[in-house]
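Okay, here's what each chain looks like letter by letter:
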Amino acid sequence: GGNVSNNTIRPYFKMVNNSGSEVALPQLTVRYWITPENFTGVINGWIDYARMNSSKITMQYVPASPVRQGGLGYMQYSFTPAAGNLLAAANTGIIQTRFSNSDWSILDERDDYSRLATSDYIANSKMTVYRNGVLVWGTEPAVAAPVLIVKALTQNKSAGNNTISTT
């Protein structure tokens, strides 16, 4: 919900363990896929609140390779060893985050793959979860078709006024 075109994206989420056994949180990473407009090369991120303590979670923007539809990159959330284990049938509690371009330029969330227009905590299969690097939840965005851009550059090499000579 909220304003989808401003200088800050605010993913709020919690993770639920439906595996039947406890899981070491440091084995998990979460990806929130975005297409950052006005990309400056750096996206800064902050954990504003986490029931488990914000110091147990890190954020890093990663450019996608290959590029995905609605996901030129993703904000990756990781858990420190101090995060411990997530018990079976338990959840992490609310994790409130935000991120922005380093120069605070506008981001438009309407083309972001992971955006879900709701203020409720519901399953979002467009946020992906990995355990030891292997996808265990969600669906990654499709690989984007390559775009070929060709430019023709010319230079006038004629010193006279009566001929045209282009290189």
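Quick look at the structure, then. (Residues numbered from 1 in each chain as written. Predicted model: local features only at pLDDT ≥ 70, side-chain atom pairs only at ≥ 80, totals over all residues. Heavy atoms only, no water.)

**Quick word on a nonpolar patch on the surface**
Together, V134, V136 and W137 line one region of the surface with nonpolar side chains, adding up to about 290 Å² of accessible area. Considering the arrangement of structural elements, one finds V134 in strand 12 (residues 134-137). (Patch = residues over 30% accessible without salt bridge, like charges linked within 9 Å, V, L, I, M, F, W, Y side chains within 5 Å. Areas by Shrake-Rupley, 256 points an atom, 1.4 Å probe, with all protein chains shown as cover. Salt bridge = Lys/Arg side-chain N within 4 Å of Asp/Glu carboxyl O. Helix = DSSP H or I, 4+ residues; strand = E, 2+ residues; numbered from the N terminus.)

**So, the pattern of salt bridges**
Counted under the stated rule, the structure contains four salt bridges. One salt bridge connects E140 with R31, and the closest N-O pair in it is separated by 3.9 Å. Pair noted here: E140 is in the segment after strand 12 and R31 is in strand 4 (residues 28-34), with a separation of 109 residues, a long-range link. Relative accessible area serves as the criterion here: at 26%, E140 is assigned to the partly exposed category. Classification of R31 by relative accessible area gives buried; the value is 18%. Salt-bridge contacts for D108 lead to R110; the nearest nitrogen and oxygen are separated by 2.6 Å. Judged by its relative accessible area of 19%, D108 falls in the buried class. Residue classification places R110 among the exposed positions, given a relative accessible area of 61%. (Buried < 20%, exposed > 50% of the residue type's maximum accessible area, 1.4 Å probe, protein only.)

**Structural notes on the sheet that holds strand 6 (residues 57-68)**
Strand order in the open sheet formed by five strands is 6-7-4-11-12, with antiparallel pairing between adjacent strands. The sheet is open, and its two edges are formed by strand 6 and strand 12, each paired on a single side. Pairwise comparison of adjacent strand axes, ignoring direction, gives a mean angle of 35° for this sheet. Pairing analysis gives six bridges linking strand 4 to strand 7 (residues 71-79), with the strands arranged antiparallel. Considered in strand 7, the bridge of Y32 is made with M75. (Pairing = 2+ DSSP bridges. Axes fitted to C-alpha atoms, helices over the stretch in contact; angles between N-to-C directions.)

**Overview of the sheet that holds strand 5 (residues 43-50)**
The sheet built from three strands is open, its strands ordered 2-9-5 with antiparallel pairing. The sheet is open, and its two edges are formed by strand 2 (12-13) and strand 5, each paired on a single side. Relative to strand 9 (residues 95-101), strand 5 runs antiparallel, the two sharing seven bridges. When the bridges of strand 9 are listed, W46 appears paired with R98.

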